Each structure stands twice: as C-alpha cells, then as structure tokens.
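Take a look at the letters that make up each chain.
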Amino acid sequence: FIATLLQLSRSTVPNVLSRSEFWLFFGIHVMTWGGYQSGWFRVENYIEPFISVDWVDLKMLTTVTSFFLAFYINQCYERYQRMYTLSRKMFGTVHDVAFQARLFMRTKEAPTTDRLISRWLSAVTVLCFVELKNYGGKGITEQQWAHLQKHGLLTSDELSKFKGLPPNQRLLAMLYMVGDLTKQGLAGQKDNALVVETTNRLLAFREYHQELCDALELSIPFQYHHLLTAVVAGNLLLLAYGMALTDSCLAPCMFIMMAILYMGMLDLSAQLWNPFGSDAVDFPVNKWVTDC
C-alpha cells in the first residue's frame, strides 16, 4: 500500500501539478485563507453572511461533479478495455495464420510460401499500429519506413509501391496479397474447413483493425467535454473559496487533495480515451510489434 502510494512519478499527480489551472485555484484558496486568518472576512469572530458559502449547496454541487466524473471515467475505461481486446485479437490472429501457414502451406513445390505469408501479415500489422500511434499526425515517417525495410518486413520494391498509397488502400492491397498467397498455399488441400478457417481469420483481422480505427475517429462531443470542464472548474473555484473560510490550518492540504482528485480524474480519462500515445497508461505497442 505505501509502496504504491509513493510511486508518484507514474501517477497523474505530476501532470496535475504542472498545470497552471491547479496553481490558479490553489492561489485563490491560499489568498482567501490568509485573508480569513487575518480577520478580513470576520465580524466579531463570525463570518460575514453576505460572503459566506452555503455548505448544503456546495455539497450538492460536489456530489453532482463526482457523479459526472465517475461516469465519464468509467466510459473511458470501458473504451480502453475494448481497444486493448481488439489490439490483442489482431496480434493473436497474426500468430494463428502464421502457425497454420507453417503447418499446412509449406510444401516441396513452394517451400517459402509460409514465410512470405508471415512476413506480409507482420508488415500489415506493424503498419496498422504505427498508423494508430501516429493518428491525427502526418502519417508514417521516413524513418519508420526505413525501419520496416531494415528489419526485412518490406523490400525496396514493395516499399516504393505502397508508400504513396492512402492507409486504407494500402491495408486492403496488402491483405489481398496475403489472401492470394494463402489461396495458393491451400490449393492442394482437400479439407475445405481449413480454407474457410484461414479466410475467416484474415477477415477477422480486417474487422478488428476497422473497429480500432472507428473507435479512434469517435471524438468526445465538445458540448459534453465543455460542460464537464465547466462543472469541475466551478466546483473547484467554490471549494477554493469555501474551504478557506475556516480556522483549521489543514484547509490548504484538504483543498490540494480535492484539486488533485478532480483534475487527476480528468487527466486520466483523457489518457484512457486514446491509448496509442506515450502516456504511462498507454498500450506497449512497441513491445507488441517487437514480439510480432
């Protein structure tokens, strides 16, 4: 418990403390708290009613804010789990097809068919996840293309042919070539069930990739995000003021905990929404690609 608590570098705390909004709210709280301790807000040791905060209203607002944040982060985590499952299924499909190719498609007449299928399918998978990591950017960089050629996934001729194609056309073209190679490798098979099973796995790979792309293209509606941000900001502003009207010296500490909780949940939900970046909670895509 203590060891987990002290691992702040891997938590959302550094991100929250680096944001100017946190220090703005904390500055408002400290100035108000300092003014209250100096007697600016008191009339005969009582808080001036006109500038006081109704804690019943503040509790209701805090409850509503916590509910919205919990619901929002739960939706983000469900999306995160779904994208993880789809990603692992894509890699699992690659391994299954490669295993079937090794068992049934390596013959004396075509001793390298299984290796060619495995290489092409691995290249498709690597390209898919590189594009997912670069989603919204400039696409695959020259350095990433060079790495594909360096590791033997694409030859120079293949690189020149597919480099200029749009991502969807490139994926379809490469999958068609994998399908043609699979068809040739299974041409002598009498078991139609094997052909159907291999074809279904390739179609499932395409479906998993499309679902991942569709999920990434689904952005958060601005109205929803704006409403949630406004509620959190308003609640923190009222907490910064209301929690300062006390004689307790622990008020700043309590406010820091509340601010880290609310802003940390917003930051964590943003990281979970797109797990193909470089945050601590993002998928280890580089490790998956290396294993593939």
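All of the points below concern the structure found in this document.

Each value, and the rule that gives it
- Every chain's residues receive numbers from 1 upward, in the order its sequence appears when written.
- The predicted origin of the model limits local features to residues at a pLDDT of at least 70 and limits the giving and counting of side-chain atom pairs to 80 or more, whereas totals for whole chains, interfaces and linings rest on all residues.
- To obtain the side-chain values, all non-hydrogen atoms of the structure were included, while hydrogens and water were left out.
- A run of DSSP states H or I qualifies as a helix once it reaches four residues; a run of E qualifies as a strand once it reaches two. Both are numbered from the N-terminal end.
- Working definition: with a 1.4 Å probe on protein chains only, accessible area under 20% of the residue-type maximum means buried, over 50% means exposed, and in between means partly exposed.
- The criterion used for residue contact is that any of the two residues' heavy atoms lie within 4.5 Å.
- We get accessible surface area from the Shrake-Rupley algorithm with a probe of 1.4 Å; when it comes to residues, only the shown protein chains can shield them.
- The patches described consist of residues with a relative accessible area above 30% and no salt bridge, like charges being joined within 9 Å and nonpolar side chains (Val, Leu, Ile, Met, Phe, Trp, Tyr) within 5 Å.
- By definition here, a salt bridge exists when the distance from a side-chain nitrogen of Lys or Arg to a carboxyl oxygen of Asp or Glu is within 4 Å.
- In summary, the pairing rule links any two rings of Phe, Tyr or Trp, Trp by its six-membered ring, whose centres are within 6.5 Å, and it sorts them by plane angle into stacked for under 30 degrees, edge-to-face for over 60 and tilted for everything else.
- Helix axes are fitted to C-alpha atoms over the stretch in contact, other axes to C-alpha atoms as well, and angles between N-to-C directions run from 0 to 180 degrees.
- Relative orientations are named as follows: roughly parallel for angles under 35 degrees, roughly antiparallel for angles over 145 degrees, roughly perpendicular for angles from 65 to 115 degrees, and oblique for any other angle.
- A crossing counts as left-handed when the near helix is turned anticlockwise from the far one by less than a right angle, and as right-handed when that turn is clockwise.
- Only Asp, Glu, Lys and Arg are considered charged in this grouping, and only Ala, Val, Leu, Ile, Met, Phe, Trp, Tyr, Cys and Pro are considered nonpolar; every other residue, Gly among them, is considered polar.

### Observations regarding the overall build of the protein chain
Scanning the protein chain from terminus to terminus reveals 12 helices and two strands. In the protein chain, which comprises 292 residues, the share counted as buried stands at 37%. When contacts within the protein chain are restricted to residue pairs at least 6 apart in sequence, long-range pairs at least 24 apart make up 77% of them. Only carbon and sulfur atoms are counted for the fraction: they give 62% of the accessible area of the protein chain, which is about 17300 Å².

### Thoughts on a nonpolar patch on the surface
A cluster of nonpolar side chains, contributed by Ile2, Leu5 and Leu6, occupies part of the molecular surface with about 340 Å² of accessible area. Inspection of the secondary structure puts Leu5 in helix H1 (residues 2-5).

### Here we look at the packing of aromatic side chains
In this structure the tally under the stated criterion is 11 aromatic pairs. Ring centres of Trp23 and Phe26 lie 6.1 Å apart, and the angle between their planes is 80°; on these two criteria the pair is classed as edge-to-face. With a gap of three residues between them, Trp23 and Phe26 both fall in helix H3 (residues 20-37), about one helical turn apart. Pairing Phe129 with Phe276 gives two aromatic rings, centres 6.2 Å apart and planes at 55°, and the pair type is tilted. Of the two residues, Phe129 is situated in helix H5 (residues 113-133) and Phe276 in the loop between helix H11 (251-273) and helix H12 (285-291); the sequence distance between them amounts to 147 residues. For the pair shown, Phe129 and Phe276 are each scored as buried.

### Considering the side chain of Asn235
Relative to the helices and strands, Asn235 is located in helix H10 (residues 222-242). Sequence-distant contacts of Asn235, that is, excluding residues within four places in its chain, are made with Leu58, Leu61, Thr62, Thr65 and Tyr262.

### Remarks on the packing of H3 against H11
Between H3 and H11, whose axes approach to 11 Å, the crossing angle comes to 155°. Taken as axis vectors, H3 and H11 run roughly antiparallel relative to one another. With respect to the hand of their crossing, H3 and H11 are arranged in right-handed fashion. On H11, the residues touching Glu21, Phe22, Phe25, Phe26, His29 and Trp33 of H3 are Ala251, Pro252, Phe255, Ile256, Ala259, Ile260 and Met263. Its residues assigned to classes, the contact of H3 with H11 shows 11 nonpolar, one polar and one charged.

### Observations concerning the environment of Ala98
Relative to the helices and strands, Ala98 is located in helix H4 (residues 55-104). Once the C-alpha coordinates of Ala98 and Arg115 are considered, the two residues, 17 residues apart in sequence, prove to be 8.1 Å apart.

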